[in-house]
Amino acid sequence: MTPKRSSLGFAIVGCGGAARDVARGIDRAAGARLIAVHDRELHHATELAADGEATVHRTLAALLRDPRVDVVCIALPHDLLAQTAVKVLRAGRHVVVEKPAATNGRGIRAIRDAAIRADRSVGVMFDLRHLPTVAAARRLVDTGALGRLRAVRIRTLIDKPADYWASGPTGAVLDPWRASRARAGGGVVLMNAIHQFDLVRAITGLEPLRVSGLAATRVAGVEVEDAAVATIAWSGDVLGSLVANAHAPGAASAETIEIDGDDGALRLGDLYQSQPELQWFRRPAATGPDAERGRWHRERGAPSDPFAATIAGFADAIRSGRPLAPGLADADIALATVLALYRSARSRRFEPVRPVAAAE
């Protein structure tokens, strides 16, 4: 195990747009400090390190020789995530990897096996889990406020700029990997809706079982889907749906989750807002008045930094020897759900969700 100390030394590999949120999270997180960075484009690493005291390493090997590094955050294109995670684990460091962690089951298995051999931990950046609004939604389900769950509706509607496929959401790095099926592994479902698949599990405890879906690629020069629809069979006989569109004209704050039960419902607003809204409704009681029932309630979560909360949770778990959450098992199930949708789009049939762990 990593020796206990006041702060764990974090490093970042891949210093593009996603790394900025991770670096900010490390800076704000209790028990973590950014001490090293690396990118094959030296100026990206230099820019990320400019506001702090992190050492810029010119190679990954040099970074992994740095004795101050306890944890390596990997913020690279999808096709490089798994292979880099394996290298880091073999060097005896803990890993925090951007979702989806891998583009296929082979990558998930390779990371898992390397982590077991190295006796190191793997966390996955499903950072939205740590928002107060998500915790409030989970409490509503856990306390039975909705009754037996019946339906889940996911909307992933985004109006991405035309240059997204060439330079990402921030424009910080000109690299068209997102448009490549071989490099990205998928489009709006893998890049965006996968967060909501993970959130449904975290909030409800349901597991995805089967998926029937369609996907469309309508942007010239882009090989991955920019739109998709799906029907998802969740455990407990819960029915689900997904509507996803990367170029929904005028879409704003439209990445939402709705959950219906026998006795109530909740509506989780777009979690990328600074203070996302949660709405919930409970049917009137069969007997006696209840002012809390029969009407919609609304609350906005307190402003928070989900990246800081995620990093702090990882650091605390590593120091105490607990499994990291969300971890590789969560990425395994989320990725398997996405891949089932892609298989269904080809086969035109319901396809089972097949996580690596469940298949062995």
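You'll find the structure just up there.
Criteria and thresholds
- Residues numbered from 1 in each chain as written.
- Predicted model: local features only at pLDDT ≥ 70, side-chain atom pairs only at ≥ 80, totals over all residues.
- Heavy atoms only, no water.
- Helix = DSSP H or I, 4+ residues; strand = E, 2+ residues; numbered from the N terminus.
- Rg over C-alpha atoms; globule rule 2.2 N^0.38 Å.
- Buried < 20%, exposed > 50% of the residue type's maximum accessible area, 1.4 Å probe, protein only.
- Contact = heavy atoms within 4.5 Å.
- Areas by Shrake-Rupley, 256 points an atom, 1.4 Å probe, with all protein chains shown as cover.
- Lys, Arg positive; Asp, Glu negative; His and termini not counted.
- Charge placed at Lys NZ, Arg CZ, Asp CG, Glu CD.
- Core = buried A, V, L, I, M, F, W, Y, C linked by side-chain atoms within 4.5 Å.
- Arc of directions from axis to C-beta.
- Salt bridge = Lys/Arg side-chain N within 4 Å of Asp/Glu carboxyl O.
- Pairing = 2+ DSSP bridges.

Visitor: Can you help me understand the overall build of the protein in this one?
Guide: The helix and strand tally for the protein stands at 11 helices and 15 strands. For the protein, whose C-alpha radius of gyration is 21 Å, the value lies close to the compact-globule estimate of 21 Å for 360 residues. With the C-alpha coordinates of the protein rotated into their principal frame, the extents come out at 65 × 50 × 45 Å. Each of the 360 residues in the protein was classed as buried or not, and the buried ones make up 56%. Counting only contacts in the protein whose residues sit at least 6 apart along the sequence, the fraction spanning at least 24 positions is 67%. Carbon and sulfur atoms provide 51% of the accessible area of the protein, an area that totals close to 15700 Å². If the 47 positive side-chain charges of the protein are averaged to one point and the 40 negative ones to another, these points end up 4 Å apart.

Visitor: Which parts of the structure should I look at to understand the nonpolar core?
Guide: As a rule of thumb, nonpolar side chains are buried together in soluble globular proteins. In terms of nonpolar packing, the biggest core is built from 85 residues, with Val 72, Ile 74, Ile 111, Val 152, Val 189, Leu 242 and Leu 266 touching the most fellow members. In terms of residues, this core owes the most to one element, helix 9 (residues 188–204), which gives 10 residues. With 27 residues, the next largest nonpolar core counts Leu 8, Ala 19, Ala 49 and Ala 315 among its residues.

Visitor: I tried to follow the side chain of His 195 on my own but got confused; where do I start?
Guide: Relative to the elements of secondary structure, His 195 occurs in helix 9. Classification of His 195 by relative accessible area gives buried; the value is 7%. In this view, His 195 contacts Lys 99, Met 125, Phe 126, Asp 127, Leu 128 and Tyr 272; residues no more than four positions away in its chain are not counted.

Visitor: Where do I start with helix 2 (residues 42–49) in this structure?
Guide: Side chains of residues three or four places apart in an α-helix project in the same direction, reflecting 3.6 residues per turn. Along helix 2, the positions that sit buried rather than exposed are His 44, Ala 45, Leu 48 and Ala 49. Seen from one end, helix 2 has its buried residues packed into an arc of 125°, which puts them on one side. Buried-residue contacts for helix 2 involve strand 1 (8–13), helix 1 (17–28), strand 2 (32–38) and strand 3 (55–56).

Visitor: I tried to follow the pattern of salt bridges on my own but got confused; where do I start?
Guide: Once the charged atoms of two side chains with opposite charge are near each other, the side chains can pair. For the structure on display, the rule yields 23 salt bridges. With a shortest N-O distance of 3.2 Å, Arg 201 and Asp 330 are connected by a salt bridge. Here Arg 201 is found in helix 9, whereas its partner Asp 330 is found in helix 11 (residues 328–347), with 129 residues between them in sequence. Across this residue pair, the class does not change: Arg 201 and Asp 330 are buried. Among the salt bridges present, the one from Glu 277 reaches Arg 300, with a minimum N-O distance of 4.0 Å. Placement of the pair is Glu 277 in strand 13 (residues 277–282) and Arg 300 in strand 14 (residues 296–300), with a sequence separation of 23 residues. Classification of Arg 300 as partly exposed rests on a relative accessible area of 47%. Three or more residues joined by partner-sharing salt bridges are found here, namely Arg 129, Asp 198, Arg 201, Glu 207 and Asp 330.

Visitor: Would you take a moment to explain the pairing of strand 8 (residues 208–216) for this structure?
Guide: Looking down a regular strand, the side chains alternate between one sheet face and the other. As paired elements, strand 8 and strand 9 (residues 227–234) share 8 bridges and run antiparallel to each other. Bridged to Arg 210 within strand 9 is Ala 233. Inspection of the sheet shows strand 8 paired to strand 15 (residues 351–352) by 2 bridges, in the antiparallel sense. Across the sheet, the residue bridging to Val 211 is Glu 351, located in strand 15.

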